[in-house]
Amino acid sequence: MPPKTEDQLAKLALARQKALEIRKENAEIKKKEKELKKLEMEQRKKRVNEAYDKLKSGDQHQAEDPVPEPEPEPEPEQEYEDHEVQEKPKPKPKPKKKKKKIIMVQPEEDDDSSDEEEIVYIQKPPKKKAEKPDKKIYAYEPEKPQYSAIDVNRKALYNRMFNLA
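Residues numbered from 1 in each chain as written. Predicted model: local features only at pLDDT ≥ 70, side-chain atom pairs only at ≥ 80, totals over all residues. Heavy atoms only, no water.

1. Some remarks on the overall build of the chain
If you tally the helices and strands in the chain, you get three helices and two strands. Counted from the first residue to the last, the chain has its helices and strands arranged as α-α-β-β-α. Burial status across the chain gives 0% buried among its 165 residues. For the chain, the accessible area works out to roughly 19700 Å², and carbon and sulfur atoms hold 53% of it. (Helix = DSSP H or I, 4+ residues; strand = E, 2+ residues; numbered from the N terminus. Buried < 20%, exposed > 50% of the residue type's maximum accessible area, 1.4 Å probe, protein only. Areas by Shrake-Rupley, 256 points an atom, 1.4 Å probe, with all protein chains shown as cover.)

In structure tokens:
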């Protein structure tokens, strides 16, 4: 690298100072954010403890109202220019389940069983087996492998070597 001129060195020094100032500002902002979160958590704990103490002490009339949680402030909406908002497709309603038909089978009435309770048998319909297609159906025609001359020669030598041909 060629040596840097005084002008370049001065610009680098300015850039370092600006970067250092920005880092300090960012560090202060992060520190304040942490303190803010800590204070919010303490306030929330106090509210919960107060509500708990009210319930515990027997002031049920005042405790019936739930403790309102502070709603987070909504972030400012971004303005969209020349951008189309895509809507999510509505979910399709689920198909209703069909009720199974129950076939009642009554045994033959005998003269001997008139004294006893009648027994009714419920026969479930036989389950239908899913039919399997005979062939595989492809959306496209599968390609057959193309063998090069080298592959053909290699197979021929292999077959000759073990007397397969």
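On we go.
2. Some words on the pattern of salt bridges
Any two side chains of opposite charge can pair if their charged atoms end up close together. Enumeration over the complete set of coordinates arrives at one salt bridge. Among the salt bridges present, the one from aspartate 151 reaches arginine 154, with a minimum N-O distance of 3.5 Å. With aspartate 151 and arginine 154 both in helix H3 (residues 149-161), this residue pair falls three residues apart, about one helical turn. In this structure arginine 154 comes out as exposed when scored by relative accessible area, which is 53%. (Salt bridge = Lys/Arg side-chain N within 4 Å of Asp/Glu carboxyl O.)

3. Overview of H3
The first and last C-alpha atoms of H3 sit 18 Å apart over 13 residues, in line with the 18 Å expected at 1.5 Å per residue. One or two positions beyond H3, positive phi appears at asparagine 163, with a value near 55 degrees. (Expected span 1.5 Å × (residues − 1).)

4. Description of the confidence of the model for the chain
Averaged over the chain, the pLDDT score is 76; the fraction of residues at 70 or greater is 64%. Taking the mean pLDDT of every element in the chain, the minimum, 49, falls on helix H2 (residues 60-63) and the maximum, 95, on helix H1 (residues 6-57). (pLDDT = per-residue confidence, 0-100.)

5. Details of H1
Taking 1.5 Å of rise per residue, 52 residues should cover 76 Å, and H1 covers 77 Å from first to last C-alpha, within 8% of that figure. Just past H1, the residue glycine 58 takes up positive phi, approximately 105 degrees.

6. A few points about the packing of aromatic side chains
Following the criterion strictly, the structure yields one aromatic pair and no others. Stacked on the ring of tyrosine 147, the Lys or Arg lysine 155 has its end atom at 4.2 Å from the ring centre. (Phe/Tyr/Trp six-rings, centres within 6.5 Å; stacked < 30°, edge-to-face > 60°. Lys NZ or Arg CZ within 6 Å of the ring centre and 35° of its normal.)

7. Description of a nonpolar patch on the surface
Nonpolar side chains collect at one region of the surface, where Tyr158, Met161 and Phe162 lie side by side and expose about 370 Å² of accessible area between them. Mapped onto the secondary structure, methionine 161 falls in helix H3. (Patch = residues over 30% accessible without salt bridge, like charges linked within 9 Å, V, L, I, M, F, W, Y side chains within 5 Å.)

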